[in-house]
Structure formats: C-alpha cells, structure tokens
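One-letter residues, chain by chain:
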Amino acid sequence: MNVEEMKITDNEFLRQFETEMDGELWIIEYSQQDRKIFLTKIKVPEAVSDKQSDFIEAVLSRISETNMRVVPTNPAIAGFMRKNRRKYKDLLPVGMNI
C-alpha cells in the first residue's frame, strides 16, 4: 500500500493518528500546543516496520494540510524528517532544525 492509499484517521480523543493495515492498528501519538503538533510515539508492527516511513509520510502529508507546525520528539520520526529535510522543512517551527 502506498502513501496515497493509506487512510489516516485523526483520533482526537486519544490524540493519535491511526491507520489499519492487515488487521493491525498503526499509531502515531501526538500532543498539541498552540499551532504546533508534537509527534511523540509511533507504534507499527515489527513484521512490517519497513513500511513505517510510508506511514510517517502519510501522517506528515495530512498535517501539512492543517497549517500546523511539526515538532518530532520521537527518534524514528525525527530521523525520517532529517533524511527528507528538504521536503519537510516547511513543517518545522521557525528556527527549528533537525
């Protein structure tokens, strides 16, 4: 499944982005403050951890539509954004580098 086909749901009650794949729930937890969204935890099944970057990309795409700034506090998400910094630098708060 590619990024465009992933159905990302924002579960505001649990403060997490979710998608279901192969009967398993994938989660990125977040907290919000002002116009910033802090991505704090990612839960992806071990067997498909190679697809984790697709999930992160889909969530970042969803966030980019909201005019929010992203603060990646989770090492995996920060690492993904660092590898793709040209694509996602506009999502970071002003003055923040990763």
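Numbering of residues starts from 1 in each chain and follows the order in which that chain's sequence is written. Only residues with pLDDT of 70 or above have their local features reported here, since the model is predicted, and side-chain atom pairs are shown and tallied only from 80 upward, although totals for entire chains, interfaces and linings are computed over all residues. Neither water nor hydrogens contribute to the side-chain values; these are computed over all heavy atoms in the structure.

Got a minute to help me understand helix α1 (residues 52–64) in this structure?
Because an α-helix packs 3.6 residues into every turn, residues spaced three or four apart end up facing the same way. Put simply, DSSP H or I for four residues or longer makes a helix, DSSP E for two residues or longer makes a strand, and each gets a number counted from the N terminus. What a helix is expected to span follows from its residue count: subtract one and scale by 1.5 Å. Over its 13 residues, α1 runs 18 Å from end to end, which matches the ideal 18 Å to within 8%, given 1.5 Å per residue. Here the term buried applies to any residue with accessible area under 20% of the maximum for its type, exposed to any over 50%, and partly exposed to those in between, with areas from a 1.4 Å probe on protein chains only. All of the buried residues along α1 are F55, I56, A58, V59, L60 and I63. Note on contacts: a residue pair is in contact if any heavy atoms of the two residues lie within 4.5 Å. In this structure, the buried residues of α1 make contact with β2 (16–21), β3 (24–33), β4 (36–43), β5 (69–72), α2 (75–83) and α3 (85–88).

Sorry, what's going on with the pairing of β5 here?
Two faces, one strand: in a regular strand the side chains alternate between the faces of the sheet. In terms of strand pairing, β4 meets β5 through four bridges, oriented parallel. Bridge assignment links K36 to a residue of β5, and that residue is R69. By the criterion used throughout, a crossover qualifies as right-handed when its path from the first strand across the helix to the second strand runs clockwise, the strands pointing away from the viewer. In this fold, β4 hands off to α1, which returns the chain to β5; that crossover is right-handed. Pairing between strands is defined by DSSP: at least two bridges between the two strands are required.

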